[in-house]
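Close look at the chain arrangement
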Amino acid sequence: ELKVEQNPLFLSMQEGKNYTIYCNYSTTSDRLYWYRQDPGKSLESLFVLLSNGAVKQEGRLMASLDTKARLSTLHITAAVHDLSATYFCAVGDTNAGKSTFGDGTTLTVKP
Amino acid sequence: DTGVSQDPRHKITKRGQNVTFRCDPISEHNRLYWYRQTLGQGPEFLTYFQNEAQLEKSRLLSDRFSAERPKGSFSTLEIQRTEQGDSAMYLCASSASTVTQYFGPGTRLTVL
């Protein structure tokens, strides 16, 4: 059974600081997703990573994938308050397309 | 708005009652997924359709749960004899491939 672990589960950081969220998964997959969720809202797709070594960046967020280590990272650069949200990684099933999610990292950016 | 829509957005029901939720996927998306999310957890996969065929069901989907997608367009998720443990956000997603899923706003169910 595929397991997806994120850490940390809670992250409080000051504006302007950098930090990295880690996502480990237990079985081979060729697709890794990052989503953002605001309180009471649905999921917003941030990144889709489809190959080993893939790196994608959007604004202050950068995601990478190491399929050999079964590890993805979401790096936050110079955090701002608007980035406060819960971030989920999810591992895709190649055949079915369903995703297995981690428990999320709740990020709070303080001034 | 051409995104995934779900109805209702909120549902409060009493234990033992039946409820039905509807999901309208993005037009021409042939894959449709249902997930359940409880507070503080990531979404959990429930079931998946390709066109009208239900191809996979999670063991989380007990006999009280049934999902349909009769014409390969909208889908319904029914929960019979609701229990307090069914309280959750029910999310629907659709995709045109196995790569990117687009999530709807969700239906929040509260069972009293």
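Here's a quick rundown of the structure. The shown structure was predicted, so the numbers you read here are calculated from the model rather than taken from an experiment.

Scanning chain B from N- to C-terminus turns up zero helices and 11 strands. Listed by position from the N terminus, the elements making up chain B come as β-β-β-β-β-β-β-β-β-β-β. What you see for chain B is a C-alpha radius of gyration of 13 Å, in line with the 13 Å of a compact globule of 112 residues. For the C-alpha atoms alone, the extent of chain B along its principal axes is close to 35 × 25 × 25 Å. By the burial criterion, 46% of the 112 residues in chain B qualify as buried. Looking at chain B alone, contacts between residues at least 24 apart form 52% of all its contacts between residues at least 6 apart. For chain B, the accessible surface area stands at approximately 5700 Å², while carbon and sulfur atoms represent 44% of it. Averaging the coordinates of the 14 positive side-chain charges in chain B and doing the same for the 12 negative ones gives two points 5 Å apart.

Residue and element names in this part refer to chain A. Spatial ordering of the open sheet is given by 1-3-8-7-6, a layout of five strands whose pairing is antiparallel. Edge positions in the sheet fall to strand 1 (4–7) and strand 6 (55–58), since each has one partner strand and no second. Pairs of neighbouring strands in the sheet enclose a mean axial angle of 15°, with direction left out of account. One ladder, built from six bridges, connects strand 7 (residues 61–66) with strand 8 (residues 71–76); its direction is antiparallel.

Scanning the model with the defined rule gives two disulfides over all chains in all. Each disulfide pairs two cysteine sulfurs, and for cysteine 23 of chain A the partner residue is cysteine 89 of chain A, the sulfurs being separated by 2.0 Å. Note on the cysteine 23 of chain A and cysteine 89 of chain A pair: the S-S dihedral is about 80°, so by sign convention the disulfide is right-handed. A residue pair is termed long-range when its members are at least 10 positions apart, and cysteine 23 of chain A in strand 3 (residues 19–25) and cysteine 89 of chain A in strand 9 (residues 85–92) qualify at 66 residues. For the residue pair cysteine 23 of chain A and cysteine 89 of chain A, the accessibility class agrees, reading buried in each case. Across the disulfide, cysteine 23 of chain B is cross-linked to cysteine 92 of chain B (sulfur-sulfur distance 1.8 Å). Because the torsion about its S-S bond is -65°, the bridge between cysteine 23 of chain B and cysteine 92 of chain B counts as left-handed. One end of the pair, cysteine 23 of chain B, is in strand 3 (residues 19–24); the other, cysteine 92 of chain B, is in strand 9 (residues 88–95), with 69 residues separating them in the sequence. Across the pair, exposure class does not vary: cysteine 23 of chain B and cysteine 92 of chain B are buried alike.

A few words on the layout of surface pockets. Size it by volume and the largest pocket reaches roughly 690 Å³. In terms of lining residues, the largest pocket is bounded by 28 residues, among which Glu1, Leu2, Thr100 and Phe101 of chain A together with Phe45 of chain B are the most central. Put simply, the parts of the chain that give the lining of the largest pocket at least two residues each are strand 1, strand 9 and strand 10 (99–101) of chain A together with strand 5 (44–50) and strand 6 (53–57) of chain B. Split by residue class, the lining of the largest pocket holds seven nonpolar, 11 polar and 10 charged. In this structure, the second largest pocket occupies an estimated 490 Å³ of space. Surrounding the second largest pocket, 24 residues form its lining, Gln37 and Thr86 of chain A together with Gln37, Leu39 and Gly40 of chain B being those nearest its centre. Going through the elements one at a time, strand 9 and strand 11 (105–110) of chain A together with strand 9 of chain B are the ones with two or more residues in the lining of the second largest pocket.

The full count for this structure, using the stated rule, is six salt bridges over all chains. Of the charged contacts, one joins glutamate 56 of chain B and lysine 98 of chain A as a salt bridge, the two residues approaching to 2.7 Å between their closest N and O atoms. On the criterion of chain membership, the pair formed by glutamate 56 of chain B in strand 6 and lysine 98 of chain A in the loop between strand 9 and strand 10 is interchain, its members lying in two chains. By relative accessible area, lysine 98 of chain A is classed as buried at 18%. A cluster of three or more residues bridged by salt bridges with shared partners is formed by Arg64, Glu83 and Asp86 of chain B.

Basis of the calculations
- Residues numbered from 1 in each chain as written.
- Chains lettered and ligands numbered in written order.
- Predicted model: local features only at pLDDT ≥ 70, side-chain atom pairs only at ≥ 80, totals over all residues.
- Heavy atoms only, no water.
- Helix = DSSP H or I, 4+ residues; strand = E, 2+ residues; numbered from the N terminus.
- Rg over C-alpha atoms; globule rule 2.2 N^0.38 Å.
- Buried < 20%, exposed > 50% of the residue type's maximum accessible area, 1.4 Å probe, protein only.
- Contact = heavy atoms within 4.5 Å.
- Areas by Shrake-Rupley, 256 points an atom, 1.4 Å probe, with all protein chains shown as cover.
- Lys, Arg positive; Asp, Glu negative; His and termini not counted.
- Charge placed at Lys NZ, Arg CZ, Asp CG, Glu CD.
- Pairing = 2+ DSSP bridges.
- Axes fitted to C-alpha atoms, helices over the stretch in contact; angles between N-to-C directions.
- Disulfide = S-S within 2.5 Å.
- 1 Å grid on protein atoms, 1.4 Å probe; cavity = no way out; pocket = protein on both sides within 12 Å on 5 of 7 lines; lining within 4 Å.
- Points joined across faces, edges and corners; volume = space filled by probe spheres on them.
- Nonpolar A, V, L, I, M, F, W, Y, C, P; charged D, E, K, R; others polar.
- Salt bridge = Lys/Arg side-chain N within 4 Å of Asp/Glu carboxyl O.

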